[in-house]
Amino acid sequence: MEKWNQSFVTEFILAGLSQDPKTQVILFVIFLLIYVCALMGNLIIITVIQVDSHLHTPMYFLLSNLSFLDITYTTVIVPQMLSLFLSTAKKISFAGCMTQVYFYLLLGETECLLLAAMAYDRYVAICNPLRYTSIMNKAACLKLAGVMWLCGFVISLIDILTLVQLPFCGPNLIDHFFCEAPFLTKLACADIKMNEVVEVIGAILFLIFPLVLIVISYFCIITTILRMHSVEGRRRTFSTCGSHLGVVIIFYGTAMVLYTKPVSENSTSDKILSVIYTIITPMLNPLIYSLRNKDVKRAIKKTIGTTLLQSKLTAEGRLCC
């Protein structure tokens with residue numbers, strides 16, 4: 001309770017991406033469009049996977065989890081961000097800020113583990129095709145998803161507990177567009193070594209370790225592909241991994257740079273990196289998977305065609321009545 005009594009800050013001020021009113025209006029329109037595209041794209045992916053029975057496989061089960069994470073991930077950040085562009089106060093309560101940090105960590109850490117699980121799924125499918133259905137069965141997929149969410153929940157809870165106990169005596173200006181842990185710890189008027197240790201452990205568990213698993217999986221996958229005699233077989237096999245690999249490069253590339261270096265004094269570069277992996281990547285994921293995946297494109301066309309046909313039949317039925 002003593003630590004809680006030392007926290008005099010009841011609200012934080014978010015600097016946002018720009019202080020210029022005209023620029024803020026432009027940014028509001030841009031990020032609103034990006035947010036809508038991210039929501040629609042990921043909802044379409046989830047819908048077609050649920051509707052099309054041909055996509056009821058482990059790979060697409062994990063993909064639907066990724067789309068769900070992207071929807072919630074952006075929803076935790078973007079609506080608050082959009083309100084900053086229209087508000088002059090640009091304030092967020094202490095409780096609201098900590099809540100945003102917790103869900104941001106929970107979803108981000110879970111997504112890191114999910115990307116590793118998707119790489120493992122491709123490894124089993126390509127390197128052990130005869131055992132794929134027995135290894136990646138429905139029960140195994142559900143357990144895998146449960147473990148990922150549980151790990152994200154536990155570690156993010158530890159992260160937020162170490163952060164919320166810090167005394168914040170002022171200043172209360174966060175030079176960022178949302179409440180992110182490294183930017184908050186800079187404002188604490190106490191020793192933050194423990195928080196830095198927790199952040200390093202979190203980076204190892206949810207960035208370094210999953211990335212190592214992904215690299216090992218793809219090393220085995222590429223080795224297996226190169227052993228194939230058929231050029232067409234190589235191309236088709238690698239195309240099933242290309243989408244996931246693209247997402248990994250974008251997400252991990254920006255997150256690794258941001259979380260494995262100290263927060264810079266000039267936070268412009270940090271803000272750009274945060275925008276890429278928290279907002280741009282969730283918008284790009286559905287495009288990457290739909291443009292490169294024939295099964296997803298076929299399912300989208302089929303779903304749209306079925307929907308249009310049902311709408312036409314309904315309209316004709318109303319006219320007849």
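Residues numbered from 1 in each chain as written. Predicted model: local features only at pLDDT ≥ 70, side-chain atom pairs only at ≥ 80, totals over all residues. Heavy atoms only, no water.

**So, the overall build of the protein**
- Along its length, the protein carries 11 helices and 3 strands.
- Element order for the protein, N to C, with α for helix and β for strand: α-β-α-α-β-α-α-α-β-α-α-α-α-α.
- With 321 residues in all, the protein has 46% of them scored as buried.
- Across the protein, every contact between residues at least 6 apart in sequence was considered, and the portion connecting residues at least 24 apart equals 79%.
- Surface summary for the protein: the accessible area is close to 16,500 Å², and the carbon and sulfur share equals 71%. (Helix = DSSP H or I, 4+ residues; strand = E, 2+ residues; numbered from the N terminus. Buried < 20%, exposed > 50% of the residue type's maximum accessible area, 1.4 Å probe, protein only. Contact = heavy atoms within 4.5 Å. Areas by Shrake-Rupley, 256 points an atom, 1.4 Å probe, with all protein chains shown as cover.)

**Here we look at the pattern of salt bridges**
- Taken as a whole and judged by the stated rule, the model has 3 salt bridges.
- In this structure, Glu11 and Lys91 form a salt bridge, with 3.4 Å as the shortest nitrogen-oxygen distance. Of this pair, Glu11 sits in strand 1 (residues 11-14) while Lys91 is found in strand 2 (residues 91-93), placing the two residues 80 residues apart along the sequence.
- On the basis of relative accessibility, which here comes to 29%, the residue Glu11 falls in the partly exposed class.
- Accessibility expressed as a relative area gives 47% for Lys91, which makes it partly exposed.
- Ionic pairing is found between Arg122 and Asp121, a salt bridge with its closest N-O pair at 2.9 Å.
- Judged by relative accessible area, which is 10%, Arg122 ranks as buried.
- The exposure class of Asp121 is buried, given its relative accessible area of 1%. (Salt bridge = Lys/Arg side-chain N within 4 Å of Asp/Glu carboxyl O.)

**Side note on the packing of helix 3 (residues 58-86) against helix 6 (residues 138-164)**
- At a minimum axis distance of 10 Å, the contact between helix 3 and helix 6 shows a crossing angle of 25 degrees. In terms of axis orientation, helix 3 runs roughly parallel to helix 6. Like other packed secondary-structure pairs, helix 3 and helix 6 cross with a definite hand, here right-handed. Contact residues: helix 3 offers Pro58, Phe61, Asn65, Phe68 and Leu69, while helix 6 offers Cys141, Leu142, Ala145 and Trp149.
- The residue makeup of the contact of helix 3 with helix 6, split by class, is 8 nonpolar, 1 polar and no charged. (Axes fitted to C-alpha atoms, helices over the stretch in contact; angles between N-to-C directions. Parallel < 35°, antiparallel > 145°, perpendicular 65-115°, else oblique. Left-handed = near helix turned anticlockwise from the far one by under 90°. Nonpolar A, V, L, I, M, F, W, Y, C, P; charged D, E, K, R; others polar.)

**Overview of the confidence of the model for the protein**
- Predicted confidence across the protein gives a mean pLDDT of 83, with 88% of residues reaching 70 or more.
- The secondary structure element of the protein with the lowest average pLDDT is helix 1 (residues 2-5), at 43, and the one with the highest is helix 4 (residues 94-127), at 92.
- In the model, residues 1-6 has pLDDT below 50 throughout and makes 5 contacts with residues more than four positions away in sequence or in other chains. (pLDDT = per-residue confidence, 0-100.)

**Regarding a nonpolar patch on the surface**
- On the surface, Leu150, Phe153, Val154, Leu157, Ile158 and Leu161 cluster together to form a nonpolar patch covering roughly 510 Å² of accessible area.
- Assignment of secondary structure puts Leu161 in helix 6.
- Look at Leu161 and you get partly exposed, because its relative accessible area is 44%. (Patch = residues over 30% accessible without salt bridge, like charges linked within 9 Å, V, L, I, M, F, W, Y side chains within 5 Å.)

**Some details on the nonpolar core**
- In this structure, Phe12 and Phe168 are the most contacted members of the largest nonpolar core, which totals 87 residues.
- Residue contributions to this core peak at 18 residues, all from helix 4.
- Listed in part, the 5 residues of the second largest apolar core include Val124, Ala125, Tyr132 and Met136. (Core = buried A, V, L, I, M, F, W, Y, C linked by side-chain atoms within 4.5 Å.)

**Some words on the environment of Ala15**
- You can see Ala15 is positioned in the loop between strand 1 and helix 2 (21-51).
- Remark: the alpha-carbon pair of Ala15 and Phe177, spanning 162 residues in sequence, is separated by 6.3 Å.
- Once residues lying within four places of it in the same chain are set aside, the contact partners of Ala15 are Leu173, Ile174, Asp175 and His176.

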